[in-house]
Amino acid sequence: METIEIFKALSNKSRLQMLEWLKEPEINFPDQLQHAGFEHGVCVGQIQAKAGLTQSTVSEYLSILQRAGFIEAKRVGQWTYYKRNEGAFEALSKLIQSNL
């Protein structure tokens, strides 16, 4: 993905919040901890409930973050789970240090 597209993905307050929440899912999604744990990531329904946005908006935001490489999705039955791709943040840090 082009550098500009990566920064566009980060240019929205709600998307940044989602990335922050996914950094510490145990703290930010305690309801899921009681029911399913975080082996696969955080259920999209938990993210939507915390964000207070429509399902379609949350899905679009997660899709943008996934295309930029910041999160990974895993489908388990009827549920989709998301977690951070920490390697993408390391690559972004190197990109900033070397190019900007």
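The rules behind each value
- Residues numbered from 1 in each chain as written.
- Predicted model: local features only at pLDDT ≥ 70, side-chain atom pairs only at ≥ 80, totals over all residues.
- Heavy atoms only, no water.
- Pairing = 2+ DSSP bridges.
- Helix = DSSP H or I, 4+ residues; strand = E, 2+ residues; numbered from the N terminus.
- Contact = heavy atoms within 4.5 Å.
- Axes fitted to C-alpha atoms, helices over the stretch in contact; angles between N-to-C directions.
- Parallel < 35°, antiparallel > 145°, perpendicular 65-115°, else oblique.
- Left-handed = near helix turned anticlockwise from the far one by under 90°.
- Core = buried A, V, L, I, M, F, W, Y, C linked by side-chain atoms within 4.5 Å.
- Buried < 20%, exposed > 50% of the residue type's maximum accessible area, 1.4 Å probe, protein only.
- Polar contact = N/O pair within 3.5 Å; in protein donor to acceptor, adjacent residues only side chain to side chain.
- Salt bridge = Lys/Arg side-chain N within 4 Å of Asp/Glu carboxyl O.

1. A word on the pairing of strand β3 (residues 79-84)
Taken together, the two bridges between strand β1 (residues 42-43) and β3 define a ladder with antiparallel strand orientation. Its bridge partner being in β3, Val 42 is matched across the sheet by Tyr 82. Examined bridge by bridge, strand β2 (residues 71-76) and β3 share six bridges and lie antiparallel to one another. Residue pairing across strands places Ala 73 opposite Tyr 82, the latter belonging to β3.

2. Focus: the sheet that holds β1
Whenever strands of a sheet pair, they do so through backbone hydrogen bonds, lying parallel or antiparallel. Pairing is antiparallel across the open sheet formed by three strands, whose spatial order is β1-β3-β2. Each edge of the open sheet carries a strand with a single partner, namely β1 and β2. Sheet strands touched by helix α2 (residues 13-23): β1, β2 and β3. Its angle to β3, the strand with the most contacts, is close to 85°.

3. Thoughts on the packing of helix α5 (residues 44-51) against helix α6 (residues 55-67)
With their axes 10 Å apart at the nearest point, α5 and α6 run at an angle of 115° to one another. The orientation of α5 relative to α6 falls into the category roughly perpendicular. Considering the relative orientation of α5 and α6, their crossing is right-handed. Contacts between α5 and α6 involve Val 44, Ile 47, Gln 48 and Ala 51 from the first element and Gln 55, Val 58 and Leu 62 from the second.

4. Points about the nonpolar core
Formed by 23 residues in total, the largest nonpolar core has its most connected members in Met 18, Phe 29, Ile 47, Leu 62, Leu 65, Phe 70 and Ile 71. Contributions of two or more residues to this core are made by α1 (3-9), α2, α6 and α7 (86-99). Sort the elements by how many residues they give to this core and α6 lands first, with five residues. Excluding anything up to four places from it in sequence, Met 18 contacts Ile 47, Ala 51, Leu 53, Val 58, Tyr 61, Leu 62 and Leu 65.

5. A word on the side chain of Arg 84
Among the secondary structure elements, Arg 84 is positioned in strand β3. Engagement of the side chain of Arg 84 in a polar contact is seen with the backbone oxygen of Leu 19, the distance being 3.0 Å. Only 2.7 Å separates the side chain of Arg 84 from the side chain of Glu 86, close enough to count as a polar contact. Beyond its immediate stretch of four places on either side in the chain, Arg 84 contacts Leu 19, Leu 22, Lys 23, Phe 70, Ile 71 and Phe 89.

6. Observations regarding the pattern of salt bridges
The tally for this structure, following the rule as stated, stands at two salt bridges. Across the pair Lys 8 and Glu 5 runs a salt bridge whose closest N-O atoms are separated by 3.7 Å. Of this pair, Lys 8 and Glu 5 both sit in helix α1, three residues apart, which is roughly one turn of the helix. Lys 8 sits in the partly exposed class, given a relative accessible area of 45%. Accessibility expressed as a relative area gives 34% for Glu 5, which makes it partly exposed. Where Glu 86 meets Arg 84, a salt bridge forms, and the shortest distance between an N and an O atom there is 2.7 Å.

Shape descriptors only; they carry no functional weight alone.
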